[in-house]
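Chain by chain, the residues run as shown.
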Amino acid sequence: MLSPENPNAFTRSPLDRAGHHRADATWLEAALNAENARLVPFYQHRPFVMEEGGAVAPGWLNGGAHKHFGAKRTLFLGLDAQRAPHFAFEVSDEAQFAGLGRFDDLRALGPRLAPDDLAMLGPAKSVFEWHAKNGYCANCGTESVIVEAGWRRDCPSCRTEHYPRVDPVCIMAPTFGNKVLLGRQKAWPRGMFSALAGFIEPGEAIEEAVARETLEEAGLVVTHVRMHSTQPWPFPHSLMIGVLCEVEHDRETVDTKELESCRWFTRAEARLLIEGKHGECWAPPPYAIAHQLLKTWAYE
Ligand SMILES: [Zn+2]
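Residues numbered from 1 in each chain as written. Predicted model: local features only at pLDDT ≥ 70, side-chain atom pairs only at ≥ 80, totals over all residues. Heavy atoms only, no water.

Can you walk me through the coordination of the zinc ion in this structure?
Taken together, C137 (SG), C140 (SG), C155 (SG) and C158 (SG) make up the protein donors of the zinc ion, found 2.2 to 2.4 Å from the metal. Here the zinc ion is ringed by four donor atoms whose angles at the metal span 101 to 115°, and the overall shape comes out tetrahedral. Binding-site remark: the zinc ion is held by donors from one chain whose sequence spacing is C-x2-C-x14-C-x2-C. Residue C155 is classed as buried on the basis of its relative accessible area of 2%. (Donors = N, O, S within 2.8 Å, 3.2 Å for Na, K, Ca; no water. Tetrahedral: all angles 85-135°; square planar, octahedral: opposite > 155°, others 65-115°. Buried < 20%, exposed > 50% of the residue type's maximum accessible area, 1.4 Å probe, protein only.)

Mind showing me how you'd approach the side chain of E90 here?
Tracing the chain through its elements places E90 in strand β6 (residues 85-91). E90 sits in the buried class, given a relative accessible area of 2%. There is a polar contact of 2.6 Å between the side chain of E90 and the side chain of R73. Residue contacts for E90: discarding those within four places in its chain leaves F42, H45, G70, A71, K72, R73 and F128. (Helix = DSSP H or I, 4+ residues; strand = E, 2+ residues; numbered from the N terminus. Polar contact = N/O pair within 3.5 Å; in protein donor to acceptor, adjacent residues only side chain to side chain. Contact = heavy atoms within 4.5 Å.)

It is not clear to me how helix α7 (residues 289-298) should be interpreted in this structure. Could you clarify?
Since there are 3.6 residues in each turn of an α-helix, residues three or four apart along the chain are aligned in direction. Counting buried positions along α7 yields eight of ten residues, so the element is predominantly enclosed. For α7, the full list of buried residues reads I289, A290, H291, Q292, L293, L294, W297 and A298. Elements that come into contact with the buried residues of α7 comprise β11 (167-176), β12 (179-184), β14 (222-233), β15 (238-247), β16 (261-266) and α6 (267-275).

Just to check I follow, could you spell out the sheet that holds strand β10 (residues 161-162) for this structure?
Hydrogen bonds along the backbone pair up the strands of a sheet, which may run parallel or antiparallel. With antiparallel pairing, the three strands of this open sheet are ordered in space as β8-β9-β10. A strand with exactly one partner marks an edge of an open sheet, and here the two such strands are β8 (145-147) and β10. Direction of pairing for β8 relative to strand β9 (residues 152-154): antiparallel, over a ladder of three bridges. Pairing of V145 across the sheet is with D154, part of β9. (Pairing = 2+ DSSP bridges.)

Any chance you could explain the pattern of salt bridges here in plain terms?
Note that side chains of opposite charge can pair when their charged atoms are close. In the structure shown here, the tally under the stated rule is 20 salt bridges. Between R226 and E300 there is a salt bridge; the shortest N-O distance is 2.7 Å. Placement of the pair is R226 in strand β14 and E300 in the segment after α7, with a sequence separation of 74 residues. Classification of R226 by relative accessible area gives partly exposed; the value is 28%. A salt bridge links K277 to E275; the shortest N-O distance between them is 3.9 Å. Overlapping salt bridges bring together E51, R102, D104 and R112 as one network. (Salt bridge = Lys/Arg side-chain N within 4 Å of Asp/Glu carboxyl O.)

Teacher, can you tell me more about empty space enclosed by the protein here?
The gaps left among the atoms become clear once a water-sized probe is rolled over them. One pass over the full model with this rule turns up one cavity of 30 Å³ or more. Considering only enclosed or pocket space, the largest cavity measures out at about 50 Å³ in volume. S13, L15, R17, L77, A119, M120, P123 and W151 are the residues that line the largest cavity. Among the elements that make up the lining of the largest cavity, the one with the highest residue count is helix α4 (residues 115-133) (three residues). Its residues placed into classes, the lining of the largest cavity shows six nonpolar, one polar and one charged. (1 Å grid on protein atoms, 1.4 Å probe; cavity = no way out; pocket = protein on both sides within 12 Å on 5 of 7 lines; lining within 4 Å. Points joined across faces, edges and corners; volume = space filled by probe spheres on them. Nonpolar A, V, L, I, M, F, W, Y, C, P; charged D, E, K, R; others polar.)

What should I look at first to understand the packing of aromatic side chains in this one?
Two numbers describe a pair of aromatic rings. These are the distance of the centres and the angle of the planes. Summed over the entire model, instances satisfying the criterion amount to 14 aromatic pairs. Between F10 and Y287, the aromatic rings sit 5.7 Å apart at their centres with planes inclined by 45°, giving tilted as the arrangement. With a gap of 277 residues between them, F10 in the segment before α1 (25-32) and Y287 in the loop between α6 and α7 connect regions that are remote in the sequence. A single burial state applies to F10 and to Y287, both of which are buried. Measuring from ring centre to ring centre gives 5.0 Å for F97 and F103, while their planes differ by 90°; the resulting arrangement is edge-to-face. The ring of F235 is capped by R107, whose NZ or CZ atom sits 5.1 Å from the centre of that ring. Positioned over the ring face of W264 is K179, at 5.2 Å from the centre of the ring. (Phe/Tyr/Trp six-rings, centres within 6.5 Å; stacked < 30°, edge-to-face > 60°. Lys NZ or Arg CZ within 6 Å of the ring centre and 35° of its normal.)

Here is the structure:
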């Protein structure tokens with residue numbers, strides 16, 4: 001069921017990552033200052049955006065902007081279809097952007113940004129957040145240096161190479177016959193229900209993690225696992241692995257440490273959730289993989 005037409009936000013980037021340029025300092029320097037370069041600033045992990053006529057878009061700046069605004073880090077994002085190099089850069093001072101636009105929270109902005117923009121900003125958000133927390137070698141404690149155009153940190157002392165972290169998370173909608181089980185956490189807005197989810201642990205296959213999490217959170221034994229799609233989720237650096245799974249029976253036992261409650265929804269109800277017409281409950285917006293997962297099942 002995995003298909004090139006991934007339905008999820010933060011996928012289908014218009015950029016070719018062109019990784020072969022990452023180690024070429026001369027090429028990168030020229031690209032950063034090129035006339036056709038596009039650079040988007042970040043401040044405290046928030047992208048710079050501009051708003052016009054009710055539409056919001058990344059505030060792409062011209063080549064050389066990283067120098068003008070005193071970038072502390074740059075990241076090569078890739079080349080667009082016209083081979084224009086795209087970069088993100090981080091600044092320590094937002095005051096100098098006053099009047100040009102604003103730095104805003106990517107998660108809150110998400111539903112308002114175009115799919116292409118989300119797919120370009122997402123990796124920058126994840127990588128910058130990783131740099132901020134990983135300045136020192138985890139092996140020997142020496143301060144590491146950024147290499148590969150922002151995509152790696154190397155330790156000058158013990159030579160360990162450190163790669164940006166990606167945390168795999170399984171997110172699943174357990175089904176039994178014509179019903180799907182959704183859960184809710186206490187902190188969520190009233191009436192919101194979503195798929196179950198949990199981090200995949202070392203030594204676990206995805207389907208094993210799905211079975212373990214479904215058993216832990218809802219007391220249900222998984223009998224069949226079907227992959228749906230995946231989604232890079234840059235909060236801060238997860239990879240959501242969406243799964244539809246069949247369970248043995250519909251007598252759930254909710255782990256109240258993880259969830260406030262679970263509830264079975266019929267296929268007709270699931271369609272109402274997707275369309276925002278359920279009345280009593282609602283599901284996450286299309287921006288979230290949980291929505292796409294539920295939507296696929298609801299209309300099968
Ligand atoms: Zn080291």
